[in-house]
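# Inside the fold
Listed below, chain by chain, are the residues.
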2 protein chains.
Amino acid sequence: MKVNKIPTPALVVDIAAMERNIKHAADYFAARQSKLRPHFKAHKTPEIARRQLAAGSCTGITVATVREAEVVARERLCDEILIANQILGPGKADRAAVVAKQASLIVAIDSDETLDDLARAAQAAGIEIGVLVDVNVGLPRCGIAPGEPAVALAKRASQTPGIVLRGAMGYEGHVMGIRDRTEREEKAHKSMDRLLSTVRMMRDEGLRCEIVSAGGTCTFDITGGIEGITEVQAGTYVLMDNTYLYEDLPFELAFAIHATVLSRPRPDQCAADAGLKAMASDHGVPAIAPLPGMEDATVLFLSDEHCTISLPADSTIRPGERIKLLPPHIDPTINMHDVLYAVEGDEVVEIWPVAARGYVEQRSI
Amino acid sequence: MKVNKIPTPALVVDIAAMERNIKHAADYFAARQSKLRPHFKAHKTPEIARRQLAAGSCTGITVATVREAEVVARERLCDEILIANQILGPGKADRAAVVAKQASLIVAIDSDETLDDLARAAQAAGIEIGVLVDVNVGLPRCGIAPGEPAVALAKRASQTPGIVLRGAMGYEGHVMGIRDRTEREEKAHKSMDRLLSTVRMMRDEGLRCEIVSAGGTCTFDITGGIEGITEVQAGTYVLMDNTYLYEDLPFELAFAIHATVLSRPRPDQCAADAGLKAMASDHGVPAIAPLPGMEDATVLFLSDEHCTISLPADSTIRPGERIKLLPPHIDPTINMHDVLYAVEGDEVVEIWPVAARGYVEQRSI
């Protein structure tokens with residue numbers, strides 16, 4: 001199938017650009033003590049994870065949900081899975097215990113409740129589940145306070161049947177959006193100081209801490225270069241999005257939404273068939289890839305099924321023509337789609353299922 | 001299954017509240033010349049559409065995409081489907097022609113391109129497809145200019161083999177967000193004047209115009225009461241969302257996202273397991289349903305898998321507890337999910353597939 005025959009709206013991956021991104025990351029970690037544990041949440045797509053792992057320098061896969069872990073285990077993508085998130089709520093810990101029978105599993109904990117529920121499920125299943133103590137390093141979301149509170153939780157975990165303490169993690173998510181390299185470096189270091197000082201306290205107490213996980217796409221070569229960080233959880237780097245296209249990062253856009261112009265109701269506007277149900281809008285509207293007649297076009301707003309675009313009045317674009325939109329946040333965008341179209345040049349060479357979208361395997365409901 | 005056993009995050013429909021909404025709309029249209037053609041795009045869920053149609057006063061179903069029309073036809077929900085949207089791009093018109101063999105199909109057109117592609121597909125399939133001329137009534141998105149341009153397109157449609165001109169439509173979407181009833185009425189009337197004056201011109205030319213479709217949830221009893229409007233395309237009314245809860249509308253919230261608190265990293269904050277992959281954020285963050293310990297809680301921000309919540313410091317809420325979030329925009333929220341949990345009291349009585357999510361039937365790729 002030719003690229004221009006893909007039904008719109010559709011998510012299209014440029015395989016060559018993606019492979020270059022994968023190689024940049026693999027090369028970086030090949031030359032470091034730290035390794036990569038690519039974050040599956042960015043794409044939820046086994047075919048992409050296979051290519052990330054095949055490039056080497058990876059310790060396994062990072063995921064955000066039990067559902068993602070189930071798919072990674074079912075597809076036998078790697079030997080060890082890190083759920084870099086707390087899991088609580090009906091069925092989650094028990095489903096994690098099933099995953100832990102298929103692959104080595106590590107789960108983030110940041111409270112007694114998260115530890116206890118996981119221990120209950122592990123004991124009920126007769127298996128062991130690894131844990132990382134999730135330390136709050138500045139992002140106001142999850143994570144236990146650094147220092148004594150984190151060490152106390154680690155100690156409890158180390159003494160809990162069914163649980164194996166493996167180390168600590170801390171996600172400096174609040175740093176990713178800082179475009180200035182110097183400021184980003186400074187704040188990432190400050191966050192990692194919080195994590196690493198806690199790790200030192202854990203080790204002083206004789207607590208096991210072989211994994212220290214942190215980082216993301218925008219800090220992969222900052223956090224990844226800090227002594228003591230053993231692995232980085234970057235995800236977006238593999239396809240990239242508009243938001244993270246910083247000059248200091250070696251990654252390029254490997255991803256676009258193909259859309260068809262549906263209407264040109266006035267000379268200075270058109271509407272295309274990709275809206276809020278085809279892409280996430282939390283980081284704003286998408287950019288438009290330059291095309292003849294679309295050079296100065298900008299997206300005005302998204303509605304459910306439409307992207308309304310401001311055009312130069314002399315644009316010759318007509319209904320039926322194809323455009324490419326560059327969304328600012330790929331994770332929740334890919335989450336809306338069932339497949340990615342993987343292209344080489346103008347040929348669709350594979351159609352990849354976004355196998356881990358949703359929260360529960362539908363056959364199991 | 002009890003409601004508190006539903007795995008989170010999950011979309012939960014209160015059947016009793018939904019049935020009251022359905023009855024309010026059916027009662028209104030039972031007493032009018034205009035009828036309802038409920039918009040399937042709001043929920044994409046055949047089980048809900050069946051209940052809307054069973055209540056009476058409906059002419060069929062409105063949809064926004066070919067995919068939705070395919071599901072409505074496959075499920076034999078009604079005799080006549082209106083795609084109230086332009087359809088252009090690979091395969092769409094030909095797929096519409098397949099739908100037109102299973103049910104009477106009407107499609108919006110607003111340009112020669114939309115008419116010609118539909119006519120090509122209808123002729124190739126040896127069937128007829130109905131069209132409504134989509135008139136721009138003020139929403140800056142799609143729709144041909146009122147008056148002469150619209151009439152000229154209608155005339156061309158009436159003379160095109162494979163095409164049957166059925167009438168006109170115009171969506172006053174720009175009016176929905178106006179909370180003040182008087183201003184909303186005034187602007188809806190102004191929009192409908194544009195549509196109805198065009199309809200008069202069409203009839204003066206001897207052009208067929210048996211369907212005049214317009215309106216939405218917030219104008220159902222404004223637009224629906226204007227002489228000459230034959231049907232209303234309301235969708236959200238059936239479940240409602242936070243944005244449209246105007247005092248002058250008879251509809252109530254029948255929908256919530258159930259989430260589990262994952263972490264309480266500080267006394268004044270917690271994080272729950274429903275984020276950007278569980279709900280749309282284009283209309284802002286969700287409200288929180290009042291619960292003990294959550295009375296003064298507000299959502300601070302959403303990230304991919306988390307909803308970070310500001311708490312009163314004396315709140316007793318702990319990780320593992322359940323909360324309910326009320327999202328401000330249901331259409332793109334439901335679009336992210338595979339199922340809706342339908343509850344009566346605290347019992348889950350059915351699990352309904354969101355059968356028409358996505359753009360292409362996956363088996364057909």
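Reading the values: the criteria
Residues numbered from 1 in each chain as written. Chains lettered and ligands numbered in written order. Predicted model: local features only at pLDDT ≥ 70, side-chain atom pairs only at ≥ 80, totals over all residues. Heavy atoms only, no water. Helix = DSSP H or I, 4+ residues; strand = E, 2+ residues; numbered from the N terminus. Rg over C-alpha atoms; globule rule 2.2 N^0.38 Å. Buried < 20%, exposed > 50% of the residue type's maximum accessible area, 1.4 Å probe, protein only. Pairing = 2+ DSSP bridges. Contact = heavy atoms within 4.5 Å. Least-squares fit on C-alpha atoms with pLDDT ≥ 70 in both. pLDDT = per-residue confidence, 0-100. Buried area = accessible area lost by both parts, 1.4 Å probe. Salt bridge = Lys/Arg side-chain N within 4 Å of Asp/Glu carboxyl O. Polar contact = N/O pair within 3.5 Å; in protein donor to acceptor, adjacent residues only side chain to side chain. Nonpolar A, V, L, I, M, F, W, Y, C, P; charged D, E, K, R; others polar. Domains from an automatic or database assignment. Phe/Tyr/Trp six-rings, centres within 6.5 Å; stacked < 30°, edge-to-face > 60°. Axes fitted to C-alpha atoms, helices over the stretch in contact; angles between N-to-C directions. Parallel < 35°, antiparallel > 145°, perpendicular 65-115°, else oblique. Left-handed = near helix turned anticlockwise from the far one by under 90°.

## Digging into the overall build of chain A
- For chain A, the count of helices and strands is 9 helices and 17 strands.
- Taking 365 residues into account, the globule formula puts the C-alpha radius of gyration at 21 Å, and chain A, at 22 Å, falls close to it.
- Dimensions of chain A along its principal axes, counting C-alpha atoms only, are 70 × 50 × 35 Å.
- Counting the 365 residues in chain A, one finds 63% classified as buried.

## Topic: the sheet that holds strand 2 (residues 35-36) of chain A
Residues and elements named next belong to chain A.
- Spatially, the 8 strands line up as an open sheet ordered 2-9-8-7-6-5-4-3, and their pairing is parallel. Two strands bound the open sheet, and with one partner strand each, they are strand 2 and strand 3 (61-63).
- Bridging between strand 5 (residues 104-109) and strand 6 (residues 129-134) involves 4 bridges; their strand directions are parallel. Bridge pairing in strand 6 places Ala108 opposite Leu132.

## Quick notes on the side chain of Asn335(B)
- Here Asn335(B) shows up in the loop between helix 9 (330-334) and strand 16 (339-344).
- What makes Asn335(B) buried here is its relative accessible area of 2%.
- Ignoring anything within four residues of it in the chain, the contact list for Asn335(B) reads Lys277(A), Lys44(B), Arg357(B) and Gly358(B).

## Some remarks on unusual backbone geometry
- In this structure, the amide linkage connecting Thr8(A) to the following residue, Pro9(A), adopts the cis form with an omega of -5°.
- With respect to the helices and strands, Pro9(A) occurs in the segment before strand 1 (10-14).
- The residue Lys44(A) is not glycine, and still its phi comes out positive at about 55°.
- On the accessibility criterion, Lys44(A) (1% relative accessible area) is buried.
- A positive phi angle is found at Ser57(B), which is not glycine, with a value near 65°.
- Structurally, Ser57(B) can be placed in the loop between helix 2 (46-54) and strand 3 (61-63).

## Some points on the relation of the copies chain A and chain B
- Note on the identical chains: chain A maps onto chain B by a rotation of 180° and an axial translation of 0.0 Å, with an RMSD of 0.0 Å. Both chain copies can therefore be described as sitting about a two-fold axis. In terms of C-alpha distance to the rotation axis, chain A has Met336(A) as its closest residue, with the C-alpha 2.8 Å off the axis.
- Comparing contact sets, 100% of the residues at the interface of chain A also lie at the interface in chain B, consistent with an isologous, same-surface contact.

## Notes on the confidence of the model for chain A
- Mean pLDDT over chain A stands at 96; residues scoring 70 or higher make up 99%.
- Interface predicted TM-score (ipTM) for the complex: 0.96; the corresponding pTM is 0.97.

## Section: the interface of chain A and chain B
- Opposite the 67 residues of chain A that make contact, chain B presents 67 residues.
- The largest share of the area that chain A buries against chain B comes from Arg141(A), Lys277(A) and Tyr359(A), three residues that together contribute 14% of it.
- Across the chain A-chain B interface, the total number found is 8 salt bridges.
- We note a salt bridge from Lys41(B) to Asp304(A), for which the minimum N-O separation is 2.6 Å.
- At the junction of chain A with chain B, the criterion picks out 26 residue pairs in polar contact (both at pLDDT 80 or more).
- For the side of chain A that touches chain B, the secondary-structure elements that each account for two or more residues are helix 5 (112-125), strand 10 (255-266), strand 11 (269-272), strand 13 (298-303), strand 14 (306-310), helix 9 (330-334) and strand 16 (339-344) of chain A.
- With 6 residues, the single largest contributor to the side of chain A that touches chain B is strand 10 of chain A.
- Tallied by class, the residues present in the side of chain A that touches chain B amount to 25 nonpolar, 23 polar and 19 charged.

## Overview of the domain arrangement of chain A
All names here are of chain A.
- Domain annotation for chain A reports domain 1 (3-8 + 252-364) and domain 2 (15-236).
- A separation of 32 Å is found between the C-alpha centroids of domain 1 and domain 2.
- Contact residues are listed per partner, giving 24 residues for domain 1 and 22 residues for domain 2.
- For the pair domain 1 and domain 2, the two sides together bury roughly 1900 Å², of which 53% comes from carbon and sulfur.
- It is Glu252, Trp352 and Ala356 in domain 1 that bury the most area against domain 2; as a group they hold 31% of the surface buried on that side.
- Taken together, the links from domain 1 to domain 2 amount to 5 salt bridges.

## Looking at the packing of aromatic side chains
All names here are of chain A.
- Following the criterion strictly, the structure yields 12 aromatic pairs over all chains and no others.
- The interplanar angle of 85° and the centroid separation of 4.9 Å between the aromatic rings of Tyr28 and Phe29 together place this pair among those described as edge-to-face. Taken individually, Tyr28 and Phe29 each receive the classification buried, so the pair is uniform in this respect.
- Joined through ring pairs, the aromatic side chains of Tyr28, Phe29, Phe220, Tyr237 and Phe251 make up one cluster.

## Quick notes on the pairing of strand 10 of chain A
Residue and element names in this part refer to chain A.
- Counting buried positions over the 12 residues of strand 10 gives 10, a clear majority of the element.
- Judged from the 4 bridges that link them, strand 1 and strand 10 form a sheet pairing that is antiparallel. Of the residues in strand 10, the one forming a bridge with Leu11 is Ile257.
- Bridging between strand 10 and strand 11 involves 3 bridges; their strand directions are antiparallel. Considered in strand 11, the bridge of Val261 is made with Ala272.
- Adjacent in sequence and paired antiparallel, strand 10 and strand 11 are bridged by 2 residues.

## Observations concerning the sheet that holds strand 7 (residues 163-170) of chain B
All names here are of chain B.
- Taken in spatial order, the 8 strands make up an open sheet running 2-9-8-7-6-5-4-3, and their pairing is parallel. Each having just a single partner strand, strand 2 (35-36) and strand 3 make up the two edges of the open sheet.
- Across the sheet, helix 5 (residues 112-125) touches strand 5 (104-109), strand 6 (129-134) and strand 7, and the angle it forms with strand 5 is around 155°.

## Side note on the pattern of salt bridges
Residue and element names in this part refer to chain A.
- For the coordinates displayed, the defined rule picks out 68 salt bridges over all chains.
- The partner of Arg120 in a salt bridge is Asp117, and the shortest N-O contact between them spans 2.9 Å. You can see Arg120 and its partner Asp117 sitting in helix 5, 3 residues apart, about one turn around the helix.
- Its salt-bridge partner being Asp248, residue Arg181 comes within 2.7 Å of it at the nearest N-O pair. Residue Arg181 is found in helix 7 (residues 181-204), and its partner Asp248 is found in the loop between strand 9 (231-232) and strand 10; the two are separated by 67 residues along the sequence.
- Judged by relative accessible area, which is 22%, Arg181 ranks as partly exposed.

## Here we look at the packing of helix 6 (residues 148-158) of chain A against helix 7 of chain A
Residue and element names in this part refer to chain A.
- Running from N to C, helix 6 and helix 7 point in directions that differ by 45°, and their axes come no closer than 9 Å. Relative to helix 7, helix 6 is oriented oblique. Helix 6 and helix 7 meet at a crossing whose hand is right-handed. Every residue of helix 7 that contacts helix 6 at Glu148, Ala150, Val151 and Ala154 is listed here: Thr198, Met201 and Met202.
- Considering only residue class, the contact of helix 6 with helix 7 consists of 5 nonpolar, 1 polar and 1 charged.

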